[in-house]
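# Examination of the molecular architecture
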Amino acid sequence: MSIDRKQLILEAATKSFSLFGYKATTMDQVAKIANVGKGTIYTFYANKEQLFKEIVLQMIEEMKQEAEQAIQPELSFKENLHRAVYRILEFRKEHQLSLKLVQEEKEMGTPAVQEMLNEVELAIVSYLKEKISIAIEKKYIRPCNSEMTAFVMFKLYLALISDWERNHRPLEKKEIAELFELYLFTGLSITP
């Protein structure tokens with residue numbers, strides 16, 4: 001029974017954070033949406049921050065699952081890396097909670113939201129670092145600092161998908177893959 005109540009609370013809190021954001025969500029709201037007493041929430045979570053963190057950690061796990069599902073064993077490391085990163089960023093653009101958190105962070109700079117968005121970014125970089133480390137071991141790519149490379153890859157994708165669109169037409173998935181290939185794998189220099 002308690003697991004069902006905990007799941008109800010998580011679902012209600014996710015709904016509230018997704019609709020109203022972190023700052024505007026109260027434990028009273030969550031209790032009302034979950035149809036439980038406020039005290040019931042406190043049997044599982046000490047405070048709103050703890051509840052929020054668990055929800056964001058669940059979202060990170062969903063994001064990783066989405067990335068893993070995008071990977072196809074018959075494709076090359078580069079193709080799979082592109083598919084995984086692109087899916088992660090699509091997930092962030094589609095996921096209602098993620099969208100609300102990004103909006104709240106931009107508009108209000110809520111510290112708890114900034115902290116959790118940082119957790120999301122660290123999780124993405126960590127995921128990519130793991131994939132890059134495997135690629136280095138298998139000699140698909142040359143040795144490099146896998147964490148820094150993961151960070152650069154993530155930021156490049158983010159720039160091509162989000163930042164570029166502010167002043168230009170959105171890039172097609174194929175164009176992004178070609179640019180990624182050019183900047184990270186081929187390079188810009190012309191060798192004689």
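Residues numbered from 1 in each chain as written. Predicted model: local features only at pLDDT ≥ 70, side-chain atom pairs only at ≥ 80, totals over all residues. Heavy atoms only, no water.

### A short note on helix α6 (residues 96-108)
The first and last C-alpha atoms of α6 sit 18 Å apart over 13 residues, in line with the 18 Å expected at 1.5 Å per residue. Within the span of α6, buried status applies to Leu97, Ser98, Leu101 and Glu104. For α6, the angular spread of the buried residues around the axis is 130°, confining them to a single face. Of the residues in α6, the exposed ones pointing more than 90 degrees away from the buried face are Lys106 and Glu107. (Helix = DSSP H or I, 4+ residues; strand = E, 2+ residues; numbered from the N terminus. Expected span 1.5 Å × (residues − 1). Buried < 20%, exposed > 50% of the residue type's maximum accessible area, 1.4 Å probe, protein only. Arc of directions from axis to C-beta.)

### Quick notes on the side chain of Lys48
For Lys48, the location among the structural elements is in helix α4 (residues 48-70). No salt bridge is formed by the buried Lys48, whose closest oppositely charged neighbour, Glu49, lies at an N-O distance of 6.1 Å. With residues near it in sequence (within four places) discarded, Lys48 still touches Phe17, Tyr22, Lys23, Thr25 and Met27. (Lys, Arg positive; Asp, Glu negative; His and termini not counted. Salt bridge = Lys/Arg side-chain N within 4 Å of Asp/Glu carboxyl O. Contact = heavy atoms within 4.5 Å.)

### Some remarks on the packing of aromatic side chains
Under the counting rule described, the total for this entry stands at seven aromatic pairs. Aromatic side chains Phe17 and Tyr22 sit 5.9 Å apart centroid to centroid with 15° between the ring planes, which places their arrangement in the stacked category. Per residue, the accessibility class of Phe17 equals that of Tyr22, and both read buried. Ring-pair connections join several aromatic residues into one group, and the members of that group are Phe77, Tyr140, Tyr157, Phe180 and Phe185. Between the NZ or CZ atom of Lys48 and the centre of the ring of Tyr22, over which it lies, the distance is 4.3 Å. (Phe/Tyr/Trp six-rings, centres within 6.5 Å; stacked < 30°, edge-to-face > 60°. Lys NZ or Arg CZ within 6 Å of the ring centre and 35° of its normal.)

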